Structures are given as structure tokens and as C-alpha cells.
Amino acid sequence: MCEHDSALSVVAPPRGSRRRRVWELSEHTYCPVIGVCLPVDALRRLVGKLMGGEVVATDYELHCGVIGDCKQRTPTAEAVQRELDRRYASALRVSAALKSADALAAWWREAPARGDVAGALWAVLSHARCDAVLKEQVLQDVHMLQHQVGAAARADLQRLAELQRSHAELAHELAQQRRRTLDAALLHARRQEDLQATVLQLRADLIGRDTRLAMQDERLRDLEASSPGLKSRLELVRDNERQLERIRELQRALQRTEQDLAQERRRAEPHVLPATPVAEPSARDTAGPRFEHRAVLCVGGRQASVPAYRALIERVGGRFLHHDGGEEDSAAKLDATLGAADLVICQTGCLSHDAYWRVKSHCKRTGKRCLFVENPSATSLQRALDALPLPADTHTNTTHP
């Protein structure tokens, strides 16, 4: 702000309601009005338009030149008047309704809160009811406000410099991050291409495998069509292989048992007295070898009791065969096993209806002996074996040591 006298000049009260023009203001009001109410860019455009060319003066020279022209009614002063009235028309309309200096002063004090200091400054200083006291107060407020604005501007400049440095750092980091992101995107694209190539290769392999499987299925269907009953025959072959393996195991066990018995006899022969009477075998012992070399088939029964069934049959000299009655073993296996059995023991309480009728029909058709046991226990099976009459050719096939 330009310096001005602190002493208040005595101004006669204005007459009427006509606003003051810019060239009618006090001399020390031009600096704040021109400096605050007209930005430098707007002032430069206004003077350049009047001059018909570009203004080459500095901002300070332009400011001082316009102040000098506004002290009188010049084209520059009239242009400044029109520009101020256009810019702050709203503030001028509001201030026109204020009819006293006190009302103007109260309205001026609210200007900073409204954020319209420039408009209020021009409206108050050009108002017809603005007296010397209000004018001096307004100029003092503007002077201090300019100091505050200057301090704020310096702080803003410092903050701006810090923000610019921070912006440069962030821009550098952003550029690095963009490069890293681009590299990662390129790497991801290459990996994606590799994965797509792998997927295509796997799909090709899968199509080839499905084609081969379809060809194999077609060949299998042709073979099955050309050989009816192939599946049942294959099951019989596999069942025969299992039975042969079981027979071989039993033969090996029998050989080991005979070897053990022979060793026991050789060890016991020197200690036997000729005059020692030999005890007659019991009924249970005499029943022992009567099923020798005969296959005994046990159909059904509890799975946990199968080892006990096997022990009972083998103890009386029989060859144990078993079928679970249709739970897991197939019906074709039952028919094959029935054909290989000499005696059939049917556990009627633990087998399916289909297996029951198959057993009954086979034994009736072939005349094979069938023993039906209702209670699936080892004791019931033992009682049934004890009550079973001796086969006709037992004595001829049974040998005693």
C-alpha cells in the first residue's frame, strides 16, 4: 500500500445517493483500490486494449501509471470505472440498500468471512454514505490485510516449493513404478503365452488319448460281440486261477504237515514200548479223516467265522471252499464253486435268496449232498458235521497212520 497521511481530512457530507467515480476518490485510496480490486493480468489487458498493443511495462510501472491516470477523468480512468462496476456488480447492488455509514461499516466487517474483500472495498469507498472515519478504517484494514496476505503468500511459496520437491520425488517414484509395472506386465504376458501353449499341448494330448480309448472301446465291443459270454468265461478263468493257487497253498501246507509228522514219528519210535496198549480213538477222533480228499463248500455265514469254519473242515480232513452268499462274490463264481464241491453246507441265516435257490437247485439237479444250517456259528457247524452220516467210500479213501 502506498503511504498516506494518518490525519483525517475533513470531508463535507455527500449530498444525494450518487456513487463516487474512481477519479473522485481521495488520493491515497487509489493504490489499494487498483492493487486489490484489479488483478495485474486484468489491468494489463485493459491498458493493452486502450493502447492497441501489448504493454511492455513491468507490473509496478503499470500499477503506478494507472494510478496517475485515475486521478483525473481520462480514458484509462473511465475504463477502470467500467471494469470495477462490471466485476463487482453484485456487491454494488447489496451496498446500495445500505443507507448509513454504520450499516456500511458492519457490512465491511463481514467481508473477510464472505471472502469478498475486493468487492466490498470498491463498494464501500465508492458509496455515497462512506465518511472519512469509515474510509480511514477501511484503508487501515486493507493495509493490515495486505501484510497478512504477504506473509501467507510467503508461507504459500515455501509450501509450494516443498510441494514441488515432493512432486518431483513422487514423479520419479511413479516413473520407476511404471517401469516395474511394465516389466511385470511383459513377464506376465510371456508366462500367459507359455501357459496357453501348454494348455494347447495338453488338450492335444487329451484328444489323442480319448481317440485311442475310443478305438480300444470299439475293439473291445467288437470282440465281445464276436465272443458271446466272454465276460463270464473270463471270470471263471480268474476264479479257477484263484482256486488253483489255493490248492497249491494247501498242498504246500499238507507237505509241511506230513514232514513234521514224519519227524515226530522218527523221534518217538525209539521210546515206544512194544507191550504198551494202544487206546481206542474217540468218536470225535474217528470222525477226523472221514472227509479226506473231499471238497466241502460253505455258502454264507458270518465273515468273521470263516476261519473257524475252515479249521473245522480241515480238522476232519476236508478241503475247505467258501462263498459269501452273494455279498461280494458273484453268482458265476458260486456256480463254478458248486461244481467243484463234494459236500455243500448252506448257512441259511446269512446268505441272499438268489444264492439259496442256486444252491438248492444245483444240489437237487446233481444229487449232491447239501447240509442246511440255520445258526451261523462254529458250534452249530460242528454239531451238523458230527450228525452227518459217513460217506459210502470213506473207508476206502481214508488212511490211518
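These numbers were taken from a predicted model, which means no experiment stands behind them.

Enquirer: What is the right way to read the overall build of the protein from this model?
Expert: A tally of regular secondary structure across the protein gives 16 helices and 4 strands. Buried positions account for 29% of the 401 residues belonging to the protein. A fraction of 72% describes how many contacts in the protein between residues 6 or more apart in sequence connect residues 24 or more apart.

Enquirer: Help me out: how do you make sense of the nonpolar core in this one?
Expert: Across soluble globular proteins, nonpolar side chains have a tendency to be buried as a group. The biggest cluster of nonpolar side chains holds 43 residues, and the ones touching the most others in it are Val22, Val80, Trp108 and Trp122. Every element with two or more residues in this core is listed here: helix 1 (30-37), helix 2 (40-51), helix 3 (59-70), helix 4 (75-87), helix 5 (89-96), helix 6 (101-109), helix 8 (117-125) and helix 9 (132-226). Look past the residues within four positions of tryptophan 122 in its chain and what remains in contact with it is Arg19, Arg20, Val22, Leu25, Val33, Cys37, Gln81, Leu84, Asp85, Tyr88 and Leu92. In terms of nonpolar packing, the next biggest core, distinct from the first, is built from 17 residues, Phe291, Leu312, Leu385 and Leu388 among them.

Enquirer: What am I meant to see in the packing of aromatic side chains here?
Expert: Two aromatic rings are characterised by how far apart their centres lie and by the angle between their planes. Under the counting rule described, the total for this entry stands at 2 aromatic pairs. Seen in terms of ring centroids, tyrosine 356 and tryptophan 357 are 5.3 Å apart; in terms of plane orientation they differ by 80 degrees. Their pairing is edge-to-face. You can call tyrosine 356 partly exposed: its relative accessible area is 24%. Given a relative accessible area of 52%, tryptophan 357 falls into the exposed group. An aromatic cluster is present here, built from Tyr356, Trp357 and Phe372 joined pairwise through their rings.

Enquirer: Hey, could you run me through the pairing of strand 2 (residues 319-323) in this one?
Expert: Along any regular strand, the residues point their side chains to alternate faces of the sheet. Of all 5 residues in strand 2, 4 are buried, a share of seventy percent or more. What joins strand 1 (residues 295-299) to strand 2 is helix 12 (residues 306-315), and the crossover it makes is right-handed.

Enquirer: I'm lost on the side chain of glutamate 83 in this one. Help?
Expert: In this structure, glutamate 83 sits in helix 4. When sequence neighbours within four positions are dropped, the list of residues in contact with glutamate 83 reads Leu38 and Leu46.

Enquirer: I'm lost on the packing of helix 1 against helix 8 in this one. Help?
Expert: Each pair of packed helices can be summarised by the angle the axes make with each other and by the distance between the axes. Where helix 1 contacts helix 8, the axes come no closer than 9 Å and their chain directions differ by 145 degrees. The interaxial crossing formed by helix 1 with helix 8 has left-handed handedness. Residue-level inspection shows Pro32, Val33, Val36 and Cys37 of helix 1 in contact with helix 8, the latter providing Ala118, Leu121, Trp122 and Leu125. The residue makeup of the contact of helix 1 with helix 8, split by class, is 8 nonpolar, no polar and no charged.

Enquirer: Would you explain the pattern of salt bridges in this entry?
Expert: Any two side chains of opposite charge can pair, on the condition that their charged atoms come close. This structure, assessed with the given rule, holds 17 salt bridges. Residues arginine 246 and glutamate 314 are paired through a salt bridge, measuring 3.6 Å at the closest nitrogen-oxygen approach. Here glutamate 314 lies in helix 12 and arginine 246 lies in helix 10 (residues 230-268), a separation of 68 residues in the sequence. We classify glutamate 314 as partly exposed; its relative accessible area is 35%. Through salt bridges with shared partners, a single ionic network connects Glu83, Arg86 and Arg87.

About the thresholds
Residues numbered from 1 in each chain as written. Predicted model: local features only at pLDDT ≥ 70, side-chain atom pairs only at ≥ 80, totals over all residues. Heavy atoms only, no water. Helix = DSSP H or I, 4+ residues; strand = E, 2+ residues; numbered from the N terminus. Buried < 20%, exposed > 50% of the residue type's maximum accessible area, 1.4 Å probe, protein only. Contact = heavy atoms within 4.5 Å. Core = buried A, V, L, I, M, F, W, Y, C linked by side-chain atoms within 4.5 Å. Phe/Tyr/Trp six-rings, centres within 6.5 Å; stacked < 30°, edge-to-face > 60°. Right-handed = clockwise from strand over helix to strand, strands pointing away. Axes fitted to C-alpha atoms, helices over the stretch in contact; angles between N-to-C directions. Left-handed = near helix turned anticlockwise from the far one by under 90°. Nonpolar A, V, L, I, M, F, W, Y, C, P; charged D, E, K, R; others polar. Salt bridge = Lys/Arg side-chain N within 4 Å of Asp/Glu carboxyl O.

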